[in-house]
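Structural overview
Listed below, chain by chain, are the residues.
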Amino acid sequence: MAIVSPPGLHRRDALLGLGGAALLASLGCRRLDPVKPLPVIPDTAYAIDVHCHVFNARDLPIASFVLDVVLEGQPVGGLPLVPLVTLVSLIMNRSAWSPQRELRELESGRTPADGDSIRADIERAAADLVANTSEAAAFRQKAVELLPGDGERLATRAAPGGGDLELLERLANRDPSRAARSLALSSRGRTAALPTDAARGVTAVEDGVTGVFRLAQLVTRPRTELVQRLITLPARNGGDVALLVPALIDYGKWLNEESSPLRDQIDVMSAIARRPGPYAVHPYVPFCPWRQMVEPGLLAMVKDAVEQRGFIGVKLYPVMGFLPYGNAEADPATYPARLRQTRPDWATRLDQGLAALYDWCVAEDVPVMAHCSYSQFPNPAAGQRGSPDAWRPVLERWPSLRLNLGHFGGFWDLAEVGSNGWTAAIVAMMATYPNLYADLSDYDAVAERTAAQKATNGTVLGALNGILDSQGGPARSRLMYGTDWVMLSKAPGNEAYYEGMRTILTSRLAMSATQAAGFMGMNAARFLGIAIETGGKPRSRQRLEAFHARHGGVPASFWTRWDGAAAFA
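Everything numeric here is computed off the predicted structure, so don't read it as measured data.

Reading the values: rules and limits
Residues numbered from 1 in each chain as written. Predicted model: local features only at pLDDT ≥ 70, side-chain atom pairs only at ≥ 80, totals over all residues. Heavy atoms only, no water. Helix = DSSP H or I, 4+ residues; strand = E, 2+ residues; numbered from the N terminus. Rg over C-alpha atoms; globule rule 2.2 N^0.38 Å. Buried < 20%, exposed > 50% of the residue type's maximum accessible area, 1.4 Å probe, protein only. Contact = heavy atoms within 4.5 Å. Areas by Shrake-Rupley, 256 points an atom, 1.4 Å probe, with all protein chains shown as cover. Lys, Arg positive; Asp, Glu negative; His and termini not counted. Charge placed at Lys NZ, Arg CZ, Asp CG, Glu CD. Pairing = 2+ DSSP bridges. Axes fitted to C-alpha atoms, helices over the stretch in contact; angles between N-to-C directions. Expected span 1.5 Å × (residues − 1). Bend = angle between axes of the 7 residues up to and from the residue. Salt bridge = Lys/Arg side-chain N within 4 Å of Asp/Glu carboxyl O. Polar contact = N/O pair within 3.5 Å; in protein donor to acceptor, adjacent residues only side chain to side chain. Core = buried A, V, L, I, M, F, W, Y, C linked by side-chain atoms within 4.5 Å. Phe/Tyr/Trp six-rings, centres within 6.5 Å; stacked < 30°, edge-to-face > 60°. Disulfide = S-S within 2.5 Å. Parallel < 35°, antiparallel > 145°, perpendicular 65-115°, else oblique. Left-handed = near helix turned anticlockwise from the far one by under 90°. Nonpolar A, V, L, I, M, F, W, Y, C, P; charged D, E, K, R; others polar.

What follows concerns the overall build of the chain. Across its full length, the chain holds 26 helices and nine strands. Over its C-alpha atoms the chain spans a radius of gyration of 23 Å, differing by no more than 12% from the 25 Å that the globule rule assigns to 569 residues. In terms of principal-axis extent, the alpha carbons of the chain reach across some 80 × 55 × 55 Å. Each of the 569 residues in the chain was classed as buried or not, and the buried ones make up 59%. Of all intrachain contacts in the chain linking residues separated by at least 6 positions in sequence, the fraction that spans at least 24 positions is 82%. For the chain, the computed accessible surface area is about 20,000 Å², with 52% contributed by carbon and sulfur atoms. For the chain, the distance from the average position of its 58 positive side-chain charges to the average position of its 58 negative side-chain charges is 3 Å.

Taken together, the three strands give an open sheet; going across it, the order is S1-S2-S3, and neighbouring strands pair in parallel fashion. Taken across any chain shown, the strands that pair with only one partner, and hence form the sheet edges, are strand S1 (47-52) and strand S3 (280-281). Note: S1 against strand S2 (residues 241-246), four bridges, orientation parallel. Its bridge partner being in S2, cysteine 52 is matched across the sheet by proline 246. The sheet contacts of helix H25 (residues 513-528) involve S1 and S2, and relative to S1 the element is tilted by about 65°.

This part is about H25. Under the 1.5 Å per step criterion, the end-to-end length of H25 is 22 Å for 16 residues, consistent within 8% with the ideal 22 Å. The largest bend along H25 measures about 65° and falls at phenylalanine 519. In terms of residue burial, H25 counts as a mostly covered element, since 13 of its 16 residues are buried. Immediately beyond the C-terminal end of H25, within one or two residues, lies glycine 529, with a positive phi of roughly 80°.

Looking now at the sheet that holds strand S6 (residues 368-371). Across a sheet, paired strands are connected by hydrogen bonds in the backbone, their directions being either parallel or antiparallel. Read across the open sheet, the six strands follow the order S4-S5-S6-S7-S8-S9; overall the sheet is parallel. The open sheet has two edge strands, strand S4 (284-286) and strand S9 (479-481), and neither has a second partner. Pairs of neighbouring strands in the sheet enclose a mean axial angle of 30°, with direction left out of account. Sheet topology places strand S5 (residues 313-316) next to S6; three bridges connect them, and they run parallel. Counted as the bridge partner of valine 314 is valine 368 from S6. This element, H25, spans S4, S6, strand S7 (403-406), strand S8 (436-440) and S9 of the sheet and lies at about 110° to S9.

This next bit is on the side chain of arginine 526. One can find arginine 526 in helix H25. One buried charged residue, arginine 526, forms no salt bridge at all, with the nearest opposite charge on glutamate 533 at 7.2 Å. There is a polar contact of 3.5 Å between the side chain of arginine 526 and the side chain of tyrosine 437. A distance of 3.5 Å separates the side chain of arginine 526 from the backbone oxygen of alanine 565, its partner in a polar contact. Those residues in contact with arginine 526, other than ones at most four positions away along the chain, are Arg402, Tyr437, Ser477, Glu533, Ala565, Ala566, Phe568 and Ala569.

Before going further, it helps to spend a moment on the nonpolar core. One finds Phe213 and Trp562 to be the most contacted residues of the largest nonpolar core, which totals 182 residues. Beyond its immediate stretch of four places on either side in the chain, phenylalanine 213 contacts Leu84, Leu87, Val88, Ile91, Ile118, Ile122, Leu171 and Val202.

Two measures describe an aromatic ring pair: the distance that separates the ring centres and the angle between the ring planes. One pass over the full model with this rule turns up 19 aromatic pairs. With a centroid separation of 6.2 Å and an interplanar angle of 40°, the aromatic rings of tyrosine 481 and tyrosine 497 are classed as tilted. Linking tyrosine 481 in strand S9 with tyrosine 497 in helix H24 (residues 497-508), this pair joins segments that are 16 residues apart in sequence. Considered together, tyrosine 481 and tyrosine 497 belong to a single accessibility category, that of buried residues. Chaining the aromatic ring pairs together yields one cluster made of Tyr325, Tyr358, Trp391 and Trp398.

So, on to the state of the cysteines. By definition, a disulfide links the sulfur atoms of two cysteine residues through a covalent bond. Going through the model one piece at a time under the given rule, you end up with zero disulfides. The thiol sulfur of cysteine 52 is not disulfide-bonded, and the nearest other cysteine sulfur, from cysteine 372, lies at 18 Å. Left unpaired, cysteine 372 is separated from the closest cysteine sulfur, that of cysteine 361, by 17 Å.

What follows covers the pattern of salt bridges. Here the structure, examined in full by the defined rule, presents 32 salt bridges. Here aspartate 197 makes a salt bridge to arginine 178, at a shortest N to O gap of 3.4 Å. One end of the pair, aspartate 197, is in helix H11 (residues 194-204); the other, arginine 178, is in helix H9 (residues 178-182), and 19 residues separate them in sequence. In this structure arginine 178 comes out as buried when scored by relative accessible area, which is 1%. Glutamate 258 is the salt-bridge partner of arginine 291, the closest N and O atoms lying 2.8 Å from each other. Pair noted here: arginine 291 is in helix H16 (residues 289-294) and glutamate 258 is in the loop between helix H14 (252-255) and helix H15 (262-273), with a separation of 33 residues, a long-range link. Salt bridges linked by common partners bring Glu169, Asp175, Arg178, Arg181, Arg190 and Asp197 together as one network.

Bringing the packing of helix H3 (residues 81-95) against helix H6 (residues 134-146) into the picture now. With their axes 9 Å apart at the nearest point, H3 and H6 run at an angle of 130° to one another. Considered as vectors, H3 and H6 are oriented oblique to each other. In this structure, the crossing between H3 and H6 has a hand that is right-handed. Here Val82, Val85, Thr86, Ser89, Leu90 and Asn93 of H3 lie close against H6, whose contacting residues are Glu135, Ala136, Phe139, Arg140, Ala143 and Val144. Of the residues contributing to the contact of H3 with H6, the split by class is seven nonpolar, three polar and two charged.

Right, here's the structure in full:
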């Protein structure tokens with residue numbers, strides 16, 4: 001099944017429907033913009049991007065990722081969905097760097113070369129689509145399997161020469177000069193020119209279609225380069241960010257489409273984490289309870305990543321289809337048949353794997369980040385499993401667990417009449433659980449580039465401010481800055497995101513100067529366990545200092561900038 005996007009306002013509506021023709025800088029035939037020079041990052045810089053991603057397409061189930069994250073389960077520009085998923089998947093699969101290849105480059109000290117232009121990547125993929133190569137056929141079939149609906153109708157729509165040619169024709173016709181060029185061509189010549197014309201058409205108009213292909217090309221680049229692009233992203237005050245905390249993901253079991261082995265991903269991200277410099281990169285390692293059940297060595301690998309390899313915490317993605325705890329009490333019919341067929345006690349084993357994870361996280365003071373918004377799920381029942389209420393049994397049994405409910409329950413939903421209440425539920429829970437935090441990530445409307453974004457932002461932040469005021473409690477000192485980049489890269493003007501969060505959001509939420517500084521980094525320092533506490537150095541801080549001492553990375557003094565974070569609570 002495809003991941004279903006809920007009705008109503010999507011957090012990237014501003015990308016696809018607001019601002020229209022002003023989406024991106026003109027792309028033409030250019031490669032991705034060069035990586036900007038590293039800004040001066042002083043020893044006093046304390047901002048933390050507590051929720052981001054620098055994964056490569058090789059780390060993802062490609063077709064599912066295209067449908068879910070790149071397209072959000074929706075046709076963009078009215079284009080036929082199956083051929084579009086196929087075309088974008090071809091671009092990503094052809095050019096992406098494997099973890100092993102990147103690790104070899106890192107160990108050799110070589111700098112990755114620039115990739116091809118976006119137009120060249122599209123043209124090659126479109127030619128494969130026209131020729132119906134085996135790779136194109138495989139991605140087309142996967143797209144048909146992923147999409148819900150009438151299978152026969154979808155298969156017909158996706159047949160080679162049918163929906164594929166319609167997609168390329170519509171892309172080609174975006175270029176105003178195409179009609180004149182085609183006058184002298186025969187029908188066969190027009191078809192032969194279609195890949196080139198389609199590539200021209202994508203970059204001829206700056207809109208949501210261009211953004212899709214731009215993001216697809218970006219995630220083919222090495223993870224090292226994506227880190228450099230993220231740390232240099234802010235257009236203003238770019239030297240503020242001193243720590244990136246990117247999350248790896250593991251959708252493979254739930255979407256029945258595996259990607260590069262987790263061990264390889266850990267190896268390359270550990271190599272990135274130990275590089276010296278004026279900023280640090282310490283990732284979350286993913287934990288999938290289904291994988292733990294069938295691959296019992298997973299938890300040991302997760303522990304090793306945190307204890308020895310420079311990873312700072314664990315990422316969970318319940319909206320793939322599992323409850324954070326209590327799966328044995330849930331309706332088994334709402335879980336995938338493939339999971340139910342693994343063994344009779346599958347639900348109990350999911351809970352046992354999760355309980356073992358939480359026991360270790362509490363014992364070793366390891367932070368956990370979880371996706372907490374009603375989005376990017378394979379079915380509505382799975383989507384509900386990421387709710388704040390689903391976390392109550394966990395926090396009741398493990399009340400001291402350091403937990404970040406990422407996306408703050410999908411706080412952009414506050415723009416809708418009849419919000420699902422997830423954000424308000426998190427605020428209420430913070431009064432009970434001392435280590436419960438939330439990040440406000442992937443909210444591009446905060447840049448207020450258009451009148452529509454400004455109106456949306458006013459509604460969302462006005463409603464959020466009302467919740468914070470009415471409930472009181474510690475919530476303003478538990479909110480954290482995050483980007484959700486590389487996903488944010490699809491949004492126009494994302495270089496203004498940091499400044500929007502730093503000024504517009506903190507002002508609209510009536511944060512004091514102390515609360516604003518907490519939001520931008522000091523709250524995350526407490527959540528992650530890198531700031532000195534009453535009892536001394538938290539275990540996270542000790543692990544990271546030892547990691548860098550072994551590998552010659554950042555000095556122990558790097559972490560002292562956050563030692564006053566307790567005053568921001």
